[in-house]
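Examining the three-dimensional arrangement
Listed here are the chains, written in short residue letters.
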Amino acid sequence: MAESSKVVHANGSATVTTTVSSNHATAADPSSKMEFTYFAINRGGRGLGIKCCLFKAGLAFDDVQLTFEEFGKAKKEGKYACGLPQLKLPNGKVFTQSFAILRYAGKLAGLYPEDPEQALACDVVMDVVFDLMAKVPGGDTPDAKKKAREEYAATKMKNYTDELSRLIDTNPGTFAVGNSITIADLALFFYTDCIMTGNFDHVDKGYLSAWPSVVAVDALIRKDPVVTNFLGSVGETTDLP
Ligand SMILES: N[C@@H](CCC(=O)N[C@@H](CS)C(=O)NCC(=O)O)C(=O)O
């Protein structure tokens with residue numbers, strides 16, 4: 001269930017805040033709600049895994065979606081120094097860093113293993129994805145960006161994906177870690193869905209077919225209720241183009 005309010009600013013841009021809550025949500029009192037701020041996308045980016053966890057945990061939250069224009073303006077005013085996402089807890093404390101927030105939300109949702117070795121396996125997958133995505137090169141010109149991205153895909157990104165595939169093969173179970181979805185899978189999906197939807201500039205959407213184990217886990221994540229229930233609540237799916 002999602003109720004939206006839209007604040008349209010004088011310059012025509014709009015901040016959309018949606019109160020997201022699953023049917024077992026607990027936060028009837030608005031002051032007990034978390035506030036999650038990211039860009040205006042549900043699927044993709046660093047926000048999806050976190051929102052899936054909060055939804056799974058049954059925690060209502062205000063989903064504040066900024067336009068790039070609003071974000072740019074806020075940055076100029078000194079806000080969001082570490083970028084988005086950010087999570088404000090009901091006690092007013094504000095936290096950044098997507099994977100730290102994902103780990104926190106994953107604990108609330110029961111999607112972060114309690115067993116120390118399983119948690120380690122989960123963290124390793126997450127950190128490989130984090131490095132892979134953090135090191136994606138840009139470029140001063142479109143041509144330079146294309147060249148840098150193609151080179152990255154053929155070298156470092158290939159090595160990181162080899163490692164993800166090795167971890168999946170080493171960890172027992174059908175998902176990245178174990179037999180049910182964890183935050184390792186939600187972190188992995190940040191990468192795989194970006195590639196498979198063709199949203200990773202200058203990398204072919206079939207790139208991952210060289211790693212069948214990664215593709216197999218992606219297919220499980222793509223149809224897992226943890227992901228599809230949240231996306232369904234905001235009218236979206238995990239379908240591929
Ligand atoms: N380490 C941070 C990185 C955050 C980050 O770079 N977010 C991007 C969007 S996915 C962003 O806001 N970029 C614009 C900026 O930092 O000004 C995290 O994991 O949350």
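Residues numbered from 1 in each chain as written. Predicted model: local features only at pLDDT ≥ 70, side-chain atom pairs only at ≥ 80, totals over all residues.

1. Some points on unusual backbone geometry
Geometrically, the link from L84 to P85 is a cis peptide bond, its omega value of 15° lying close to zero. Take P85: it is sitting in the loop between α2 (68-76) and β5 (86-88). For H202, which is not a glycine, the phi torsion comes out positive at approximately 70°. Structurally, the position occupied by H202 is in the loop between α7 (183-196) and α8 (212-222). (Helix = DSSP H or I, 4+ residues; strand = E, 2+ residues; numbered from the N terminus.)

2. Quick word on the domain arrangement of the protein chain
Here the domain parsing of the protein chain yields domain 1 (2-110) and domain 2 (116-224). Listed per partner, the contact involves 10 residues of domain 1 and 10 residues of domain 2. Secondary-structure elements contributing two or more residues to the side of domain 1 that touches domain 2 are α1 (48-56) and α3 (98-109). In terms of residue class, the side of domain 1 that touches domain 2 is made up of 5 nonpolar, 3 polar and 2 charged. (Domains from an automatic or database assignment. Contact = placed C-beta atoms within 7 Å. Nonpolar A, V, L, I, M, F, W, Y, C, P; charged D, E, K, R; others polar.)

3. Observations regarding the site of the ligand
Near the ligand, the surroundings consist of G45, R46, K75, C82, G83, L84, P85, T96, Q97, S98 and F99. Looking at the shell around the ligand, its residues break down into 4 nonpolar, 5 polar and 2 charged. (Near = placed C-beta within 6 Å.)

4. Some details on the environment of G178
Position of G178 among the secondary structure elements: in the loop between α6 (156-170) and α7. On the neighbour-count criterion, G178 (18 C-beta atoms within 10 Å) is partly exposed. Separated by 32 residues in the primary sequence, G178 and A210 place their C-alpha atoms 22 Å from one another. (Buried ≥ 20, exposed ≤ 12 C-beta atoms within 10 Å, placed from the backbone.)

5. Section: the pairing of strand β4 (residues 61-66)
Burial analysis of β4 places 5 of its 6 residues in the buried class, the great majority of the element. Pairing geometry for strand β3 (residues 34-39) and β4, over 6 bridges, is parallel. Among the inter-strand pairings, Y38 is bridged to a residue of β4, identified as Q65. With α1 bridging β3 and its parallel neighbour β4, the resulting β-α-β unit is right-handed. (Pairing = 2+ DSSP bridges. Right-handed = clockwise from strand over helix to strand, strands pointing away.)

6. Thoughts on α7
Its 14 residues give α7 an end-to-end C-alpha distance of 19 Å, which sits within 8% of 20 Å, the value for a rise of 1.5 Å per residue. Where α7 bends most, at F189, the angle is about 30°. Buried residues dominate α7, accounting for 13 of its 14 residues. G198 lies just past α7 and shows a positive phi near 80°. (Expected span 1.5 Å × (residues − 1). Bend = angle between axes of the 7 residues up to and from the residue.)

7. So, the nonpolar core
Counting residues in hydrophobic clusters, the biggest one holds 57 residues, and the most contacted among them are V125, V129, I183, A187 and L188. Considering every element that reaches this core, the biggest residue donor is α7, with 10 residues. Each of domain 1 (2-110) and domain 2 (116-224) contributes no fewer than three residues to this core. With near-sequence residues (within four places) excluded, V129 lies in contact with A187, L188, F190 and Y191. (Core = buried A, V, L, I, M, F, W, Y, C linked by C-beta atoms within 7 Å.)

8. A closer look at the packing of α1 against helix α9 (residues 225-233)
Interhelical geometry of α1 versus α9 gives an angle of 90° and a closest axis separation of 9 Å. Judged by the angle between their axes, α1 and α9 are roughly perpendicular. Every residue of α9 that contacts α1 at K51, C52, F55 and K56 is listed here: V226, V227, N229, F230 and S233. Of the residues assigned to the contact of α1 with α9, the class counts are 5 nonpolar, 2 polar and 2 charged. (Axes fitted to C-alpha atoms, helices over the stretch in contact; angles between N-to-C directions. Parallel < 35°, antiparallel > 145°, perpendicular 65-115°, else oblique.)

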